[in-house]
Amino acid sequence: TKIFSRAKQISIGLTERGILVLSEEGSDRVLVTPPFNGEYPDMSRLVDATSDKFFRVNKKELQKMLQLIDITSDMKQVRFSRVNGSIALFATKSQIETDLVLSSVEVFKEFEDINFNAEFLGACVTAIDGTEVLISNANEKMKAYRLENEERSESYTLVQALSS
């Protein structure tokens, strides 16, 4: 971690007032969070009223590609690009010399290249139910994208893109 040493154990506790306390064993470093009040932000304010569907992809194929990028890339960043009517994934400082092209993809609309943290995106994709993942625009100003299953249910994940 950036706050605590990796070599030491960290104790986690919760006070009666709901304050989360993390402390490093054998050190005076302590991290205290404000109490959790149980209120979540109004997600409808973060998501644009209309969202453009960009593409739909087979969930397992996308997961395998992201795992491959996670293993073979130093930077852990993945870029989605439109290439010849399909979608290719590129990783910076990758050991793979060929393009990774998604074969089970349906493209709905043109889009600019999108960059994500590969490991984080993989975790978000895993949380989506179903066999396919639909990626659409959630908030154009924030460069946020909506990941959901093919039924476009009320359950979805918002992911913010990395800068190019």
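Presented here is a report on the structure given in the accompanying data block. (Residues numbered from 1 in each chain as written. Predicted model: local features only at pLDDT ≥ 70, side-chain atom pairs only at ≥ 80, totals over all residues. Heavy atoms only, no water.)

## Considerations on the nonpolar core
Here is step 1: If you look at the biggest cluster of nonpolar residues, it comprises 27 residues, and the most contacted ones within it are Val-78, Phe-80, Leu-89, Phe-116 and Leu-147.
Here is step 2: Here Phe-116 is in contact with Lys-76, Gln-77, Val-78, Phe-80, Leu-121, Tyr-145, Val-159, Gln-160, Ala-161 and Leu-162, once residues within four sequence places are set aside. (Core = buried A, V, L, I, M, F, W, Y, C linked by side-chain atoms within 4.5 Å. Buried < 20%, exposed > 50% of the residue type's maximum accessible area, 1.4 Å probe, protein only. Contact = heavy atoms within 4.5 Å.)

## Digging into the sheet that holds strand β3 (residues 30-32)
Here is step 1: Overall, antiparallel pairing links the three strands, which are arranged β1-β2-β3 in an open sheet. Sheet topology places β1 (10-14) and β3 at the edges, where each strand pairs with a single neighbour. Averaged over neighbouring strand pairs, the angle between their axes works out to 15 degrees when direction is ignored.
Here is step 2: Sheet topology places β1 next to strand β2 (residues 20-24); five bridges connect them, and they run antiparallel. Looking across to β2, one finds that Ile-10 is bridged to Glu-24. (Pairing = 2+ DSSP bridges. Helix = DSSP H or I, 4+ residues; strand = E, 2+ residues; numbered from the N terminus. Axes fitted to C-alpha atoms, helices over the stretch in contact; angles between N-to-C directions.)

## Details of the pattern of salt bridges
Here is step 1: One pass over the full model with this rule turns up six salt bridges.
Here is step 2: Salt-bridge contacts for Arg-56 lead to Glu-132; the nearest nitrogen and oxygen are separated by 3.9 Å. Of this pair, Arg-56 sits in strand β4 (residues 53-58) while Glu-132 sits in strand β10 (residues 132-139), and the two are 76 residues apart along the sequence.
Here is step 3: The buried category is assigned to Arg-56, whose relative accessible area is 18%.
Here is step 4: The partner of Glu-148 in a salt bridge is Arg-146, and the shortest N-O contact between them spans 3.0 Å. The same class applies to Glu-148 and to Arg-146, which are both buried. (Salt bridge = Lys/Arg side-chain N within 4 Å of Asp/Glu carboxyl O.)

## A few points about the packing of aromatic side chains
Here is step 1: Enumeration according to the criterion identifies six aromatic pairs in this entry.
Here is step 2: Through a chain of ring-to-ring contacts, the aromatic side chains of Phe-54, Phe-55, Phe-80, Phe-111, Phe-116 and Tyr-145 assemble into a single cluster.
Here is step 3: Residue placement shows Lys-53 over the ring face of Phe-108; its charged tip is 4.7 Å from the ring centre. (Phe/Tyr/Trp six-rings, centres within 6.5 Å; stacked < 30°, edge-to-face > 60°. Lys NZ or Arg CZ within 6 Å of the ring centre and 35° of its normal.)

## Some remarks on the sheet that holds strand β6 (residues 86-91)
One key point about sheets: their strands pair by backbone hydrogen bonds, in either a parallel or an antiparallel sense.
Here is step 1: Pairing is antiparallel across the open sheet formed by four strands, whose spatial order is β7-β6-β5-β9. Bordering the open sheet on either side are β7 (100-102) and β9 (114-117), each of which pairs with just one other strand. In this sheet, neighbouring strand axes are inclined to one another by 30 degrees on average, regardless of whether the strands run parallel or antiparallel.
Here is step 2: Of the pairings in the sheet, the one linking β6 to β7 comprises three bridges and is antiparallel in character. Bridged to Leu-89 within β7 is Leu-100.
Here is step 3: Strands β5 (77-83) and β9 of the sheet are contacted by helix α2 (residues 118-127), whose axis makes an angle of about 85 degrees with β9.

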